[in-house]
Amino acid sequence: MRHNYSNPDHGFYGEFGGAYIPEILHRCVSELQDAYLPIIESDDFKREYRSLLRDYVGRPSPLYFARRMSEKYGCRLYLKREDLNHTGAHKINNAIGQALIARRMGKTHVIAETGAGQHGVATATACALLGMDCKVFMGQTDIERQRQNVERMRMLGAEVCPVTTGNMTLSDACSEAIRYWCSHPSDTYYAVGSTMGPHPYPDLVARMQSVISEELKWQLREKEGRDSPDCLIACIGGGSNAAGTIYHYADDDRVRIILAEAGGSGIDSGHTAATLHRGTPGILHGARMLVMQTGDGQIEEAFSVSAGLDYPGVGPMHCNMAACGRSEVYAVNDDEAIRAGYELTRLEGIIPAIESAHAVAVLGKVGFKADDVVVLTLSGRGDKDVETYLKYRMDVL
Ligand SMILES: *Cc1c(COP(=O)(O)O)cnc(C)c1O
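Everything in this summary refers to the structure shown in the same document.

1. Some thoughts on the sheet that holds strand β6 (residues 133–139)
So, point 1. Sheet architecture is open: four strands sit in the order β7-β6-β5-β8, paired in parallel fashion. Each of the sheet's edge strands pairs with one partner strand only, and the pair in question is β7 (159–163) and β8 (188–190). The sheet shows a mean angle of 25° between the axes of neighbouring strands, taken without regard to direction.
So, point 2. Bridging between strand β5 (residues 109–114) and β8 involves three bridges; their strand directions are parallel. Paired with Val110 across the bridge in β8 is Tyr189.
So, point 3. Of the strands in this sheet, β5 and β6 touch helix α5 (residues 118–130), which is tilted by about 165° from β5.

2. Focus: the site of the ligand
So, point 1. In the vicinity of the ligand, 17 residues are found, and the nearest of them are Lys91, Ser194, Gly237, Ser240 and Ser379.
So, point 2. One nitrogen or oxygen atom from the side chain of Asn241 is found 2.8 Å from an oxygen atom belonging to the ligand.
So, point 3. Starting from 380 Å² of accessible surface for the ligand in isolation, the protein chains cover 97%.
So, point 4. Among the cavities detected, the one that contains the ligand is the largest cavity.

3. Topic: the layout of surface pockets
So, point 1. Here the largest pocket is characterised by a volume of approximately 740 Å³.
So, point 2. Taken together, 34 residues form the lining of the largest pocket, with Arg145, Gln146, Lys384, Asp385 and Thr388 sitting closest to its centre.
So, point 3. Among the secondary structure elements, those contributing two or more residues to the lining of the largest pocket are α6 (140–145), α7 (147–155) and α16 (386–391).
So, point 4. In terms of residue class, the lining of the largest pocket is made up of seven nonpolar, 14 polar and 13 charged.
So, point 5. Taken as a whole, the second largest pocket encloses approximately 210 Å³ of empty space.
So, point 6. Mapped by element, the contributors of at least two residues to the lining of the second largest pocket are α1 (26–41), α2 (43–57), α9 (201–209) and α10 (211–224).
So, point 7. Sorting elements by how many residues they give to the lining of the second largest pocket places α2 first, with four residues.
So, point 8. Split into classes, the residues belonging to the lining of the second largest pocket amount to five nonpolar, two polar and five charged.

4. Some points on the nonpolar core
So, point 1. By size, the foremost hydrophobic cluster in this structure holds 92 residues, and its most contacted members are Ile101, Tyr189, Tyr190 and Leu204.
So, point 2. Per-element tally for this core: the top contributor is helix α8 (residues 170–183), with eight residues.
So, point 3. Once residues within four sequence positions are removed from consideration, Tyr189 is found in contact with Leu32, Gln98, Ile101, Ala102, Met105, Lys107, His109, Val110, Ile111, Tyr201 and Leu204.
So, point 4. Grouped together as the second largest cluster of nonpolar side chains are 38 residues, Tyr73, Ala340, Ile354 and Leu378 included.

5. Digging into the sheet that holds strand β14 (residues 327–333)
Working definition: the strands of a sheet are paired by backbone hydrogen bonds and lie parallel or antiparallel to each other.
So, point 1. Overall, mixed pairing links the six strands, which are arranged β3-β4-β15-β9-β10-β14 in an open sheet. Edge strands, defined here as strands with exactly one partner in the open sheet, are β3 (63–65) and β14. The mean angle between the axes of side-by-side strands here comes to 25°, regardless of whether they run parallel or antiparallel.
So, point 2. With five bridges connecting them, strand β9 (residues 231–235) and strand β10 (residues 256–264) associate as parallel partners. Of the residues in β10, the one forming a bridge with Leu232 is Ile257.
So, point 3. Contacts between helix α15 (residues 354–361) and the sheet are confined to β9, β10, β14 and β15 (373–378), with β9 contributing the most and set at about 145° to the helix.

6. Regarding the packing of aromatic side chains
So, point 1. Applying the stated rule across the entire model yields seven aromatic pairs.
So, point 2. Between the aromatic rings of Trp181 and Tyr190, the centroid separation amounts to 5.5 Å while the plane-to-plane angle is 70°, which identifies the pairing as edge-to-face.
So, point 3. With relative accessibility at 4%, the residue Tyr190 sits in the buried group.
So, point 4. Between Trp181 and Tyr201, the aromatic rings sit 6.3 Å apart at their centres with planes inclined by 65°, giving edge-to-face as the arrangement. Of this pair, Trp181 sits in helix α8 while Tyr201 sits in helix α9, and the two are 20 residues apart along the sequence. Here Trp181 and Tyr201 have matching classes, each one buried.
So, point 5. An aromatic cluster of at least three residues, connected via ring pairs, comprises Trp181, Tyr190 and Tyr201.

7. Things to note about unusual backbone geometry
So, point 1. Residues Arg59 and Pro60 are joined by a peptide bond in cis, for which omega reads 0°.
So, point 2. Tracing the backbone through its elements, the reader meets Pro60 in the loop between α2 and β3.
So, point 3. Cis geometry is found at the peptide bond from His199 to Pro200, where omega equals 20°.
So, point 4. With a phi angle near 50°, His10 is a residue other than glycine that sits in the positive phi range.
So, point 5. As for its position among the elements, His10 is in the segment before β1 (12–13).
So, point 6. You can call His10 exposed: its relative accessible area is 74%.
So, point 7. For Met168, which is not glycine, the phi dihedral falls at a positive 60°.
So, point 8. Mapped onto the secondary structure, Met168 falls in the loop between β7 and α8.
So, point 9. Of the residues examined, Met168 reaches a relative accessible area of 26% and is grouped as partly exposed.

Definitions and limits used
Residues numbered from 1 in each chain as written. Predicted model: local features only at pLDDT ≥ 70, side-chain atom pairs only at ≥ 80, totals over all residues. Heavy atoms only, no water. Pairing = 2+ DSSP bridges. Helix = DSSP H or I, 4+ residues; strand = E, 2+ residues; numbered from the N terminus. Axes fitted to C-alpha atoms, helices over the stretch in contact; angles between N-to-C directions. Contact = heavy atoms within 4.5 Å. Near = heavy atom within 4 Å. Polar contact = N/O pair within 3.5 Å; in protein donor to acceptor, adjacent residues only side chain to side chain. Areas by Shrake-Rupley, 256 points an atom, 1.4 Å probe, with all protein chains shown as cover. 1 Å grid on protein atoms, 1.4 Å probe; cavity = no way out; pocket = protein on both sides within 12 Å on 5 of 7 lines; lining within 4 Å. Sits in = over half its atoms within 2 Å of the grid points. Points joined across faces, edges and corners; volume = space filled by probe spheres on them. Nonpolar A, V, L, I, M, F, W, Y, C, P; charged D, E, K, R; others polar. Core = buried A, V, L, I, M, F, W, Y, C linked by side-chain atoms within 4.5 Å. Buried < 20%, exposed > 50% of the residue type's maximum accessible area, 1.4 Å probe, protein only. Phe/Tyr/Trp six-rings, centres within 6.5 Å; stacked < 30°, edge-to-face > 60°.

In C-alpha cells, the structure reads:
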C-alpha cells in the first residue's frame, strides 16, 4: 500500500489529480509547476510568509481545550481555532501564501473564485496588503446570499465579477475564472481557494494550510505530552482546512482521520453536497476527482445550507484517502449542522461557521474512549451565518 497520502506523485494522488487543462493554459500552468516549490522552499519566502502569518493573521491559532464539550462527548476535545484568524477563517493562510508566490513570479493581477465569499475576502485582503490588482468571480446567486462579503471585497478594492451562467454558484465561478485566465494568461495569477484545480494547486494549497498541523504537533506536546492526537476531525468542501489539519499525520496510522461533508437534506434526497458519498470519478476544473454527475457526465448541482461546502467535487488528495479507507467520511445534514452550531455556541460560547458546525456534528456520530485526545478544526467563525442560524432557530439544549 502506498503510504504517502499528503504528497502527489507527478500531480497524482492514486488515480486522482493531474492537470487537465486547455492548451492555452499549458504555459502558465507548467510555469507554476516549475516555480512553486523553489519559491515556497526559499528562505526569502519563508521569512516573509512566516512573519505575515504571525503578525498579520495572528498565528499560531490557539489550541483550546473545550471542557464542557469534552464532558458531553466523553473524550478530551481540543478545538483548533482557525476562526480566530484575521478575516475569520483558514482561507487567509492560503491567500497570503499565493499572493506572495504571484508577486515572486512577476504577476501583477490576481484572480480568484469564491462561493460564500470567504476566499474572495481573503484574496482581496492579501491583494490590498501587497498592493496587487484583484478580481473575484462569484455566482450571481451567491452575490445575493452573501451581501456582506461582497461589500467587504469591494471595500478592500477588489472587483467582484458576477457570473450568470449555470446555477450561478461556486462551480460556475470556477469555470468563469478559468475562462478569464485563458484570455489573460501572461500577467494574471489564479489564486485557487481550495485543494482542487489542476496540479500543482492541490499540493500548493495543502502546503499553505499545513501550518495547521505543524502547530498542532508542538501544541499537543505542550498540552498532552505527545505530539499526535488519537483523532482529527474537520469539515470538507474542496478539502483545504482538512488537508492542513491532517497534513503531517496523514501517514501515521495511529491517528484516526474523520471528515464531515455536507449532506444537505440527506445523501439520497437529490439535495446534497456529499461528494465523497455520491461522486464518481470524473474531470472537473482541471483535475480528476470524485464528482457528482449524471450517468452521461453532466455535473449535478450541489446543495447545502453552507455556501462554503456547496461544491459538486472534492480535492484529489481526499478522494484518494477516502478510496484507500484512510479517512472515515460522514455526511452531516443541514439540520444536524445547525443544531451542532447552536450546541457549541451554548456550551463553549463560540459561534462557528456553518461549515465548521458540520465537523462539530460528527462528535455525536463517533464513539470515543474517555482518554481519547480529539482535535477538531474550527475552520471559521459564524458571524457571517447568524442570519441563517436564526432562520433555523431551534431549541437544542
Ligand atoms: C471555504 C470554507 C470551508 C470549505 O473549504 P475547504 O477548502 O474544504 O476547507 C470550510 N469552512 C470555512 C469557514 C470556509 O470558509
